[in-house]
Amino acid sequence: MFNDLTGLAYGIIIFAVIIGVGSIVLTNFGNAVGGTANTTSQYLLTQLGSGGLAGWVPAVIAVFIGLLFLGAFMGGKGKRR
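Residues numbered from 1 in each chain as written. Predicted model: local features only at pLDDT ≥ 70, side-chain atom pairs only at ≥ 80, totals over all residues. Heavy atoms only, no water.

### Some remarks on helix α2 (residues 36–48)
Right, so step 1: Spanning 13 residues, α2 covers 18 Å between terminal C-alpha atoms, matching the ideal 18 Å at 1.5 Å per step.
Right, so step 2: Every buried residue belonging to α2 is among A37, S41 and L45, and all of these are buried. The buried residues of α2 occupy one face: seen down the axis, they fall within an arc of 75°. Looking at α2, the residues exposed on the side facing more than 90 degrees away from the buried face are T36, T39, Y43 and T46. (Helix = DSSP H or I, 4+ residues; strand = E, 2+ residues; numbered from the N terminus. Expected span 1.5 Å × (residues − 1). Buried < 20%, exposed > 50% of the residue type's maximum accessible area, 1.4 Å probe, protein only. Arc of directions from axis to C-beta.)

The structure is reproduced here in structure tokens:
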């Protein structure tokens, strides 16, 4: 079970790094081009931020850990005889 949690932690870290790098690239791209590109990049940053995609991370973590515990307790009952 701890191996699954370690994999989850690595996935969350990689996801956070991708969102961070993507935010920096989008900001620099929007500032360099200006105009409509800047407006579009600011909108995308809002969608990636805490109100958008990144806002779902805590809920996904809670569901995944809950399913791990359910799987550990429910799956262990069938093995005992």
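We are not done yet, so read on.
### Here's the deal with a nonpolar patch on the surface
Right, so step 1: Together, Y10, I13, I14, V17, I18, V21 and V25 make up an exposed nonpolar region whose accessible area comes to about 700 Å².
Right, so step 2: Relative to the elements of secondary structure, V17 occurs in helix α1 (residues 2–33).
Right, so step 3: For V17, a relative accessible area of 48% puts it in the partly exposed group. (Patch = residues over 30% accessible without salt bridge, like charges linked within 9 Å, V, L, I, M, F, W, Y side chains within 5 Å. Areas by Shrake-Rupley, 256 points an atom, 1.4 Å probe, with all protein chains shown as cover. Salt bridge = Lys/Arg side-chain N within 4 Å of Asp/Glu carboxyl O.)

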